[in-house]
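Per-entry structural report
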Amino acid sequence: MLSPVYDEKSGDEIRLLDSLRSRERGDLVQVVGIGVKARFGKAVPLVQLQQVGNPMSLYDGAVLMDGSGRYVLAGYDKDSC
């Protein structure tokens, strides 16, 4: 079963094609993949991101577990635009 991943700031669920803003650099990325990957022998959620306007920039976002046991995407917030 795929565990949902949430936006740290708003608490909204991250969905495919969502636009997110990097807190560090301010750049805009889009969620282009959601799935599961193996990490330290456990299945954990995977969120693949791509910088808007740069199709060669595919990378995995850092998914962490917060204090309430939910998976959150670290370093990015849903973009209001």
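Residues numbered from 1 in each chain as written. Predicted model: local features only at pLDDT ≥ 70, side-chain atom pairs only at ≥ 80, totals over all residues. Heavy atoms only, no water.

Let's talk about the overall build of the chain
Cut-off, in case you're wondering: Here a helix means four or more residues in a row that DSSP labels H or I, a strand means two or more in a row labelled E, and each is numbered from the N terminus. Radius of gyration here uses only the C-alpha atoms, and the compact-globule reference equals 2.2 Å multiplied by the residue count raised to the power 0.38.
Counting its secondary structure elements, the chain contains zero helices and eight strands. Its helices and strands in sequence order give the chain the pattern β-β-β-β-β-β-β-β, from N to C terminus. For the chain, the C-alpha radius of gyration of 12 Å lies close to 12 Å, the compact-globule estimate for 81 residues. With the principal axes as the frame, the chain shows a C-alpha extent of 35 × 25 × 20 Å.

With respect to the sheet that holds strand β6 (residues 63-65)
Note the threshold: Two strands form a pair only when DSSP identifies at least two bridges running between them. Structural elements are reduced to axes, namely lines fitted to C-alpha atoms, with helices fitted over the stretch in contact, and the angle between N-to-C directions of any two is expressed from 0 to 180 degrees.
One open sheet holds the three strands; their spatial order is β1-β7-β6, and the pairing between them is mixed. The strands lining the two open edges of the sheet, one partner per strand, are β1 (5-7) and β6. Going across the sheet, the axis of each strand differs from the next one's by a mean of 45 degrees, ignoring polarity. As judged from the three bridges shared by β1 and strand β7 (residues 71-73), these two strands associate in the parallel manner. From the neighbouring strand, Y6 faces β7, where its bridge partner is V72.

Remarks on the confidence of the model for the chain
This is how the line gets drawn: Think of pLDDT as the predictor's per-residue confidence, scored from 0 to 100.
For the chain, per-residue confidence averages 91 on the pLDDT scale, and residues scoring 70 or more make up 98% of the total. Highest mean pLDDT in the chain belongs to β7 (95); lowest belongs to strand β8 (residues 76-78) (92).

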